Amino acid sequence: MKKTAVLAGALACASALPFVSAAHAATLEARDCWVRAMPPNLPSSGYFVVANNGDKPATLTAADTPAFNMAMMHKSENKGGTATMSAVDNVDVPAHGTLAFAPKGYHLMLEGPGESVKVGATIPLTLTFADKSTVKVDCAVKSAATLGK
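Nothing here was measured: the structure is a model prediction, and the numbers come from that model.

Conventions we followed
- Residues numbered from 1 in each chain as written.
- Predicted model: local features only at pLDDT ≥ 70, side-chain atom pairs only at ≥ 80, totals over all residues.
- Heavy atoms only, no water.
- Core = buried A, V, L, I, M, F, W, Y, C linked by side-chain atoms within 4.5 Å.
- Buried < 20%, exposed > 50% of the residue type's maximum accessible area, 1.4 Å probe, protein only.
- Contact = heavy atoms within 4.5 Å.
- Helix = DSSP H or I, 4+ residues; strand = E, 2+ residues; numbered from the N terminus.
- Pairing = 2+ DSSP bridges.

A. Region of the structure containing the nonpolar core. Counting 28 residues, the largest nonpolar core has Phe-48, Phe-101, Leu-108, Leu-125, Leu-127 and Phe-129 as the members making the most contacts within it. Not counting residues within four places of it along the chain, the set of residues in contact with Leu-125 comprises Cys-33, Phe-48, Ala-63, Asp-64, Thr-65, Leu-108, Val-135, Lys-136, Val-137 and Cys-139.

Written as C-alpha coordinates, this is what we have:
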(Lines give C-alpha, C1' and ligand atoms only; values in the text may rest on other atoms or scores of the structure.)
Protein backbone atom coordinates (compact mmCIF):
# COMPACT_ATOMS: atom_id res chain seq x y z
CA MET A 1 0.00 0.00 0.00
CA LYS A 2 2.80 2.39 0.94
CA LYS A 3 4.66 1.64 -2.34
CA THR A 4 1.49 2.33 -4.32
CA ALA A 5 1.05 5.73 -2.65
CA VAL A 6 4.69 6.67 -3.30
CA LEU A 7 4.44 5.53 -6.92
CA ALA A 8 1.18 7.46 -7.41
CA GLY A 9 2.79 10.60 -5.97
CA ALA A 10 5.83 10.24 -8.20
CA LEU A 11 3.65 9.79 -11.28
CA ALA A 12 1.56 12.82 -10.37
CA CYS A 13 4.68 14.97 -10.07
CA ALA A 14 6.16 13.65 -13.32
CA SER A 15 2.93 14.20 -15.23
CA ALA A 16 2.80 17.82 -14.03
CA LEU A 17 6.22 18.67 -15.52
CA PRO A 18 4.98 19.33 -19.06
CA PHE A 19 2.36 21.69 -17.66
CA VAL A 20 4.98 23.73 -15.81
CA SER A 21 6.91 24.23 -19.05
CA ALA A 22 3.73 24.91 -21.01
CA ALA A 23 2.62 27.44 -18.39
CA HIS A 24 5.96 29.24 -18.71
CA ALA A 25 5.70 29.21 -22.49
CA ALA A 26 2.22 30.73 -22.24
CA THR A 27 3.78 33.82 -20.63
CA LEU A 28 6.13 34.29 -23.59
CA GLU A 29 5.24 35.60 -27.02
CA ALA A 30 7.19 36.64 -30.11
CA ARG A 31 6.13 39.27 -32.62
CA ASP A 32 7.34 41.64 -35.34
CA CYS A 33 9.61 39.00 -36.86
CA TRP A 34 11.36 39.71 -40.15
CA VAL A 35 14.33 38.41 -42.09
CA ARG A 36 16.54 40.15 -44.64
CA ALA A 37 16.51 38.62 -48.12
CA MET A 38 20.15 38.29 -49.17
CA PRO A 39 21.95 36.54 -52.04
CA PRO A 40 22.42 32.82 -51.21
CA ASN A 41 26.20 33.19 -50.80
CA LEU A 42 25.83 35.84 -48.06
CA PRO A 43 24.56 35.43 -44.49
CA SER A 44 21.22 36.95 -43.66
CA SER A 45 19.85 38.31 -40.40
CA GLY A 46 16.62 37.91 -38.46
CA TYR A 47 14.89 40.23 -36.02
CA PHE A 48 11.96 39.94 -33.60
CA VAL A 49 10.64 40.99 -30.20
CA VAL A 50 10.06 38.55 -27.33
CA ALA A 51 7.66 39.64 -24.58
CA ASN A 52 7.74 37.94 -21.18
CA ASN A 53 4.47 38.49 -19.31
CA GLY A 54 5.54 36.18 -16.48
CA ASP A 55 6.90 36.84 -13.01
CA LYS A 56 10.27 35.19 -13.69
CA PRO A 57 12.94 35.98 -16.28
CA ALA A 58 13.19 33.61 -19.25
CA THR A 59 16.39 32.62 -21.02
CA LEU A 60 16.38 32.33 -24.80
CA THR A 61 18.86 29.61 -25.77
CA ALA A 62 18.26 28.89 -29.46
CA ALA A 63 16.40 29.76 -32.63
CA ASP A 64 15.63 27.49 -35.55
CA THR A 65 13.95 27.76 -38.93
CA PRO A 66 13.62 25.20 -41.71
CA ALA A 67 14.22 28.05 -44.18
CA PHE A 68 17.95 28.19 -43.31
CA ASN A 69 20.60 25.55 -42.61
CA MET A 70 21.87 27.46 -39.59
CA ALA A 71 20.54 30.08 -37.15
CA MET A 72 22.86 31.56 -34.51
CA MET A 73 22.25 34.32 -31.97
CA HIS A 74 24.66 37.25 -32.19
CA LYS A 75 25.11 40.67 -30.63
CA SER A 76 26.50 43.71 -32.42
CA GLU A 77 28.09 46.45 -30.35
CA ASN A 78 30.06 49.62 -30.88
CA LYS A 79 33.17 49.64 -28.70
CA GLY A 80 35.24 52.80 -28.89
CA GLY A 81 34.06 53.59 -32.40
CA THR A 82 34.65 50.04 -33.65
CA ALA A 83 31.70 47.86 -34.57
CA THR A 84 31.99 44.30 -33.27
CA MET A 85 29.80 41.24 -33.55
CA SER A 86 29.96 38.12 -31.40
CA ALA A 87 27.96 34.94 -30.95
CA VAL A 88 25.93 34.56 -27.75
CA ASP A 89 24.79 31.29 -26.19
CA ASN A 90 21.76 32.71 -24.41
CA VAL A 91 19.90 35.95 -23.77
CA ASP A 92 17.67 36.80 -20.81
CA VAL A 93 14.18 38.18 -21.28
CA PRO A 94 13.25 40.08 -18.10
CA ALA A 95 10.06 39.32 -16.18
CA HIS A 96 7.26 41.64 -17.37
CA GLY A 97 9.63 42.95 -20.05
CA THR A 98 10.70 42.58 -23.65
CA LEU A 99 13.84 41.71 -25.55
CA ALA A 100 14.31 43.11 -29.04
CA PHE A 101 16.47 41.49 -31.68
CA ALA A 102 17.03 44.52 -33.93
CA PRO A 103 19.62 45.93 -36.34
CA LYS A 104 22.82 47.01 -34.54
CA GLY A 105 21.98 44.89 -31.47
CA TYR A 106 20.97 41.30 -30.83
CA HIS A 107 20.11 39.51 -34.07
CA LEU A 108 19.99 36.08 -35.66
CA MET A 109 22.75 35.24 -38.11
CA LEU A 110 21.14 33.01 -40.75
CA GLU A 111 23.13 30.95 -43.25
CA GLY A 112 22.25 28.52 -46.03
CA PRO A 113 18.88 29.81 -47.23
CA GLY A 114 16.38 27.56 -48.97
CA GLU A 115 14.14 28.38 -51.92
CA SER A 116 11.46 29.95 -49.69
CA VAL A 117 13.58 32.97 -48.69
CA LYS A 118 12.33 35.54 -51.18
CA VAL A 119 11.01 39.06 -50.56
CA GLY A 120 7.31 38.83 -49.69
CA ALA A 121 7.48 35.27 -48.36
CA THR A 122 6.80 34.23 -44.76
CA ILE A 123 9.00 31.71 -42.97
CA PRO A 124 8.52 29.98 -39.59
CA LEU A 125 10.87 30.52 -36.64
CA THR A 126 10.97 28.55 -33.40
CA LEU A 127 12.55 30.07 -30.30
CA THR A 128 13.71 27.70 -27.56
CA PHE A 129 14.16 28.65 -23.92
CA ALA A 130 16.27 27.18 -21.08
CA ASP A 131 13.25 25.36 -19.64
CA LYS A 132 12.83 23.61 -23.04
CA SER A 133 9.64 25.56 -23.83
CA THR A 134 9.27 26.93 -27.35
CA VAL A 135 7.55 29.87 -29.00
CA LYS A 136 6.75 29.90 -32.70
CA VAL A 137 6.47 33.01 -34.86
CA ASP A 138 6.15 33.69 -38.58
CA CYS A 139 8.74 36.01 -40.11
CA ALA A 140 8.22 38.27 -43.12
CA VAL A 141 11.06 38.19 -45.64
CA LYS A 142 11.96 41.79 -46.52
CA SER A 143 14.39 43.59 -48.78
CA ALA A 144 18.02 43.77 -47.66
CA ALA A 145 17.62 47.57 -47.56
CA THR A 146 14.98 47.39 -44.80
CA LEU A 147 16.06 49.22 -41.64
CA GLY A 148 13.27 48.24 -39.25
CA LYS A 149 10.03 46.36 -38.93
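B. Representation of unusual backbone geometry in the model. Of note in the backbone geometry, Lys-104 takes a positive phi value of approximately 70° without being a glycine. You can see Lys-104 is positioned in the loop between β7 (97-101) and β8 (106-113). Owing to a relative accessible area of 81%, Lys-104 belongs among the exposed residues under this scheme.

C. Structural context of the pairing of strand β10 (residues 134-142). Here β10 shows one buried face, formed by Val-135, Val-137, Cys-139 and Val-141, and one open face, formed by Thr-134, Lys-136, Asp-138, Ala-140 and Lys-142. With 3 bridges joining them, strand β1 (residues 28-36) and β10 adopt parallel strand pairing. Among the inter-strand pairings, Arg-36 is bridged to a residue of β10, identified as Lys-142. Alignment of strand β9 (residues 122-129) against β10, held across 7 bridges, turns out to be antiparallel. Looking at β10, one finds that Thr-126 is bridged to Lys-136. The turn joining β9 and β10, which pair antiparallel and follow one another in sequence, is formed by 4 residues; a positive phi near 75° is taken by Lys-132.

From the geometry alone we can't say anything about function, so treat these as descriptive.
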